[in-house]
Amino acid sequence: MVLMAFSFYFLSDLKHLKRMKRKEKTMKLTTRTKTLPISSVPGLECVYSWLSGKPDTTKKAYFTALRDFFVSVHKPAYDVTAFDVCQYYETQLKPHYSKSSINLKVAALSSFFSYLMRPNGQDKPLISFNPVDGLDRKEFKSSPYDKSKKMTTSQYQAVEKQIDLRRLSGLRDLLYYRWLVFTGQRRSAVLKLDLSDIIFEGETVFIKYRNKGGKGLTRQLPDPVAAVLIQYLDRTNRLDDKSGSVFLIHSQGKNSSRNRNDLRPSGVNMIKRLKRYLMKAGLGEDVTLHSLRHLGADLEYKATGDVMKVMAFLGHSHLNTTQIYLSRISPAMDDTWQRKAEILWQP
């Protein structure tokens, strides 16, 4: 008994010691990478005006990239040269940095210096050239649409057949997937929806979205999605609730989530569930949640044949973005070959 007690206290002390070492290591790391005050970092005087209007996640990533760059070169923005950017770029070419990570950092620098090139109140730009333009980034230029395949209609139908609608989690998944396909909204914008964003007007349902860049808009929810939404809210006893996340975390074997109406599932969890349905259906895992948005864009274009309507459907600000989007997810169709043949072989 004495030996057992000694072992228990020894192991407890050992675990406590390991926890303290981890905490000490974390504290050292935090101190070393602690965000520096703006005043102590040359070049960051205009950072807040530049970041205004950008999404929170973009603000955080861009600010970190910019801060690391100016700490590295230790120069004000007006004195940065193309050589400084190239040197910084070379330091980023390390095995543990992915191409997308390096590209994000360089994109942040390019965006910031482009902002400084705009005319100020006296019609004079703060700088006359963008030092990032001297950097060859061909190797790192990639489209996000290359990483995600468009889900076909047959694949989507196969996924829906694998969903167990007897479970609240299954009903939630069906609602989420249909929402992405029929509305074209970004996955994060849908997952962050609150019950206060839902407007019932008779048999019609409207949704208030907060999109990329903080822009707000209200759109009608398509009937195939609205029907599942009403069923889901009814099953979770929340038809009359005015606040709380639309999408909930559901524990296995439980029938109600009233006690968890402020907890929403993570995007990572929803991706894992989609891949699980794909595996059950015997399909590959090379599609993601963004593939559902691709499918929605493709269906919108096939239904309307109007690029402008696809642009509004996806919430793009520039037509060029929509055209690139469609070129990535839809094969190019040649409807002029008949006329060409007639001209070629006319008598």
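Everything discussed here concerns the structure shown above.
Model, not experiment: these values are computed from the prediction.

**What to know about the overall build of the chain**
Step number 1: Scanning the chain from terminus to terminus reveals 14 helices and 3 strands.
Step number 2: Accessible surface, the chain as shown: approximately 21800 Å² in total, 55% of it carbon and sulfur.

**Details of a positive patch on the surface**
Step number 1: Among the surface-exposed residues, Arg 167, Lys 272, Arg 276 and Lys 280 lie close enough to one another that they form a single positively charged patch.
Step number 2: Take Arg 276: its relative accessible area is 44%, and that puts it in the partly exposed class.

**Description of the packing of helix 7 (residues 168–183) against helix 11 (residues 289–304)**
Geometry of a packed helix pair, given as the angle between the helix axes and the separation of the axes.
Step number 1: Where helix 7 meets helix 11, the closest approach of the two axes is 7 Å, and the angle between their N-to-C directions is 45°. The angle between the axes of helix 7 and helix 11 places the two elements in the oblique class. Contacts from Tyr 176, Tyr 177, Leu 180 and Val 181 in helix 7 reach Leu 289, Leu 292, Arg 293, Leu 295, Gly 296 and Leu 299 in helix 11.
Step number 2: Residue composition of the contact of helix 7 with helix 11, by class: 8 nonpolar, 1 polar and 1 charged.

**Focus: a nonpolar patch on the surface**
Step number 1: A contiguous nonpolar surface patch, about 230 Å² in accessible area, is contributed by Phe 200, Ile 230 and Leu 239.
Step number 2: With respect to the secondary-structure elements, Ile 230 resides in helix 9 (residues 223–235).

**Some details on helix 3 (residues 56–73)**
Step number 1: If you check helix 3, its first and last C-alpha atoms are 26 Å apart, about what 18 residues at 1.5 Å a residue would give, namely 26 Å.
Step number 2: Of the positions making up helix 3, those classed as buried are Tyr 62, Phe 63, Ala 65, Leu 66, Arg 67, Phe 69, Phe 70 and Val 73.
Step number 3: Close packing links the buried residues of helix 3 with helix 2 (47–51), helix 4 (82–92) and helix 5 (99–116).
Step number 4: Backbone geometry just downstream of helix 3 places His 74 in the positive-phi region, at approximately 50°.

**Section: the pattern of salt bridges**
Step number 1: Evaluation of the coordinates by the stated rule reveals 7 salt bridges.
Step number 2: The partner of Lys 75 in a salt bridge is Asp 84, and the shortest N-O contact between them spans 3.0 Å.
Step number 3: Given a relative accessible area of 8%, Asp 84 falls into the buried group.
Step number 4: Notably, a salt bridge pairs Arg 172 with Asp 173, separated by 3.1 Å at the nearest N-O pair. You'll find Arg 172 and Asp 173 in the same group, each marked buried.

**So, the sheet that holds strand 2 (residues 204–210)**
Step number 1: Within the open sheet, the 3 strands sit side by side as 1-2-3. Their pairing is antiparallel. Edge positions in the open sheet fall to strand 1 (198–201) and strand 3 (216–220), since each of these has one partner strand only. Averaged over all pairs of adjacent strands, the angle between their axes in this sheet comes to 20°, without regard to strand direction.
Step number 2: Strand direction decides the pairing type here: strand 2 and strand 3, joined by 5 bridges, are antiparallel.

Procedures and definitions
- Residues numbered from 1 in each chain as written.
- Predicted model: local features only at pLDDT ≥ 70, side-chain atom pairs only at ≥ 80, totals over all residues.
- Heavy atoms only, no water.
- Helix = DSSP H or I, 4+ residues; strand = E, 2+ residues; numbered from the N terminus.
- Areas by Shrake-Rupley, 256 points an atom, 1.4 Å probe, with all protein chains shown as cover.
- Patch = residues over 30% accessible without salt bridge, like charges linked within 9 Å, V, L, I, M, F, W, Y side chains within 5 Å.
- Salt bridge = Lys/Arg side-chain N within 4 Å of Asp/Glu carboxyl O.
- Lys, Arg positive; Asp, Glu negative; His and termini not counted.
- Charge placed at Lys NZ, Arg CZ, Asp CG, Glu CD.
- Buried < 20%, exposed > 50% of the residue type's maximum accessible area, 1.4 Å probe, protein only.
- Axes fitted to C-alpha atoms, helices over the stretch in contact; angles between N-to-C directions.
- Parallel < 35°, antiparallel > 145°, perpendicular 65-115°, else oblique.
- Contact = heavy atoms within 4.5 Å.
- Nonpolar A, V, L, I, M, F, W, Y, C, P; charged D, E, K, R; others polar.
- Expected span 1.5 Å × (residues − 1).
- Pairing = 2+ DSSP bridges.

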